[in-house]
Amino acid sequence: MTHDHPVAADRAAPRPFGRVLTAMVTPFTSDGSLDLDGAVRLANHLVDEQGNDALVLNGTTGESPTTTDAEKERLIRAVVEAIGDRARVVAGVGTNDTRHTIELATAAEKAGAHGLLVVTPYYNKPPQSGLVRHFTAVADASGLPIMLYDIPHRCGVPIETETLVKLAEHDRIVAVKDAKGDLAATSWVTSRTDLAFYSGEDSLVLPALAVGCVGVVGTSTHFTGALTQRMIELHDAGDTAAALALHRRLLPLFTGIFRTQGTILVKAGLAAMGLPAGPVRPPLVDATPDEIAQLRADCAAAGLELS
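This report concerns the structure included in the present document. The residue count restarts for each chain, going from 1 along the sequence in the order it is written. The model is predicted, so local features are restricted to residues of pLDDT at least 70 and side-chain atom pairs to those at 80 or more, both for listing and for counting; the totals for chains, interfaces and linings are taken over all residues. Processing note: side-chain calculations cover all non-hydrogen atoms of the structure and skip hydrogens and water entirely.

## Things to note about unusual backbone geometry
Trans is the common state for peptide bonds, and a negative phi is the common state for residues other than glycine.
So, point 1. Between proline 282 and proline 283 the backbone carries a cis peptide bond, its omega angle lying at 20 degrees.
So, point 2. By the secondary structure assignment, proline 283 is in the loop between helix H11 (262–272) and helix H12 (289–301).
So, point 3. Phi at asparagine 58 is positive, roughly 65 degrees, even though this residue is not glycine.
So, point 4. With respect to the helices and strands, asparagine 58 occurs in the loop between strand E2 (54–57) and helix H2 (69–83). Comment: elements are numbered from the N terminus, with helices defined as DSSP H or I runs of at least four residues and strands as E runs of at least two.

And the structure:
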């Protein structure tokens, strides 16, 4: 299996964080406390068994809304130490408060992260000029390469094409996690900038590659990472028929992992496999028996088994 593990992400690299990144769940113990030993075990599994080039910590899938700043820093330190130079660690630091985001970015850099994921400020719905100010301030305050996270259905505001083009001028803004679901908009940005676009929607990885995306930041990749890596390699090699066949095989899990909130089903699936996960923190709720049964069926339809 081929991995892209650059020593440092730079804007000349077509894949500054590799091909396949998983937005890793944050394991908790049975009482809901942070499980650092479990996080280390899970991170090693995702890199060594699922072929991930990088892990995104402290994203929404990592339950960042309900983990403390101190827990976030401890998680980064533990995982960075555990996986060494076998993969990159990208730290989610985005909030809807620019000052707080900069504080998290500084802490993540000190903890050893290799890059930052910065989501669009949510709920307060800033104008595009506010997005430019926010993302630029974070990039100016950190020495790490930054992946913007464009997910308007969660944040209420898209990062518009012209805004992305402007932000691409910043040396440390090198990538985008694209969960906008607008491949035409993606095409315009990839044709006008050298930003590395990573699909933020598992089911759209293959079509996104066709319009200039370079990889995925996935959720189902907790289970499909190695096969998703293979799908991208097949596409890169020009074997689009084989890539399409693999996309169709994995589609039941690409979509099934989101039958309810993704973290809930990932943690249920990991627990079924004997891997660290633990409960979710409120306001999320753990998967029901029916949801777990459906997840098993979706995995089976994708040729995978939860055991």
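## Here we look at the sheet that holds strand E8 (residues 215–218)
So, point 1. Here, a strand pair is defined by DSSP locating no fewer than two bridges between the strands. Spatially, E1-E2-E3-E4-E5-E6-E7-E8 is the arrangement adopted by the eight strands of the closed barrel, whose pairing is parallel. Between one strand and the next, the sheet's axes are offset by a mean angle of 25 degrees, whatever the strand orientation.
So, point 2. In terms of strand pairing, strand E7 (residues 196–199) meets E8 through two bridges, oriented parallel. In the sheet register, tyrosine 198 faces E8, and the bridge partner there is glycine 215. Only the stretch in contact is used when a helix axis is fitted, and all axes are lines through C-alpha atoms; the angle between N-to-C directions ranges over 0 to 180 degrees.

## Observations concerning the pattern of salt bridges
So, point 1. The salt bridge definition used is simple: a Lys or Arg side-chain nitrogen within 4 Å of an Asp or Glu carboxyl oxygen. The final tally for this structure, using the stated rule, is ten salt bridges.
So, point 2. Linking arginine 192 and glutamate 162 is a salt bridge whose minimum nitrogen-to-oxygen distance equals 2.7 Å. Remark: glutamate 162 occurs in helix H6 (residues 161–167) and arginine 192 occurs in helix H7 (residues 183–192); sequence separation between them is 30 residues.
So, point 3. Note on exposure labels: buried denotes an accessible area under 20% of the residue type's maximum, exposed denotes more than 50%, and partly exposed covers the range between, all computed with a 1.4 Å probe on protein chains only. The partly exposed category is assigned to arginine 192, whose relative accessible area is 41%.
So, point 4. Note that glutamate 233 and arginine 230 form a salt bridge whose closest N and O atoms lie 3.9 Å from each other. Residue glutamate 233 and its partner arginine 230 are both found in helix H9 (residues 221–236); the two are separated by three residues, about one turn of the helix.
So, point 5. Relative accessible area serves as the criterion here: at 43%, arginine 230 is assigned to the partly exposed category.
So, point 6. Three or more residues joined by partner-sharing salt bridges are found here, namely Arg15, Arg19 and Asp236.

By themselves these figures say nothing about function.
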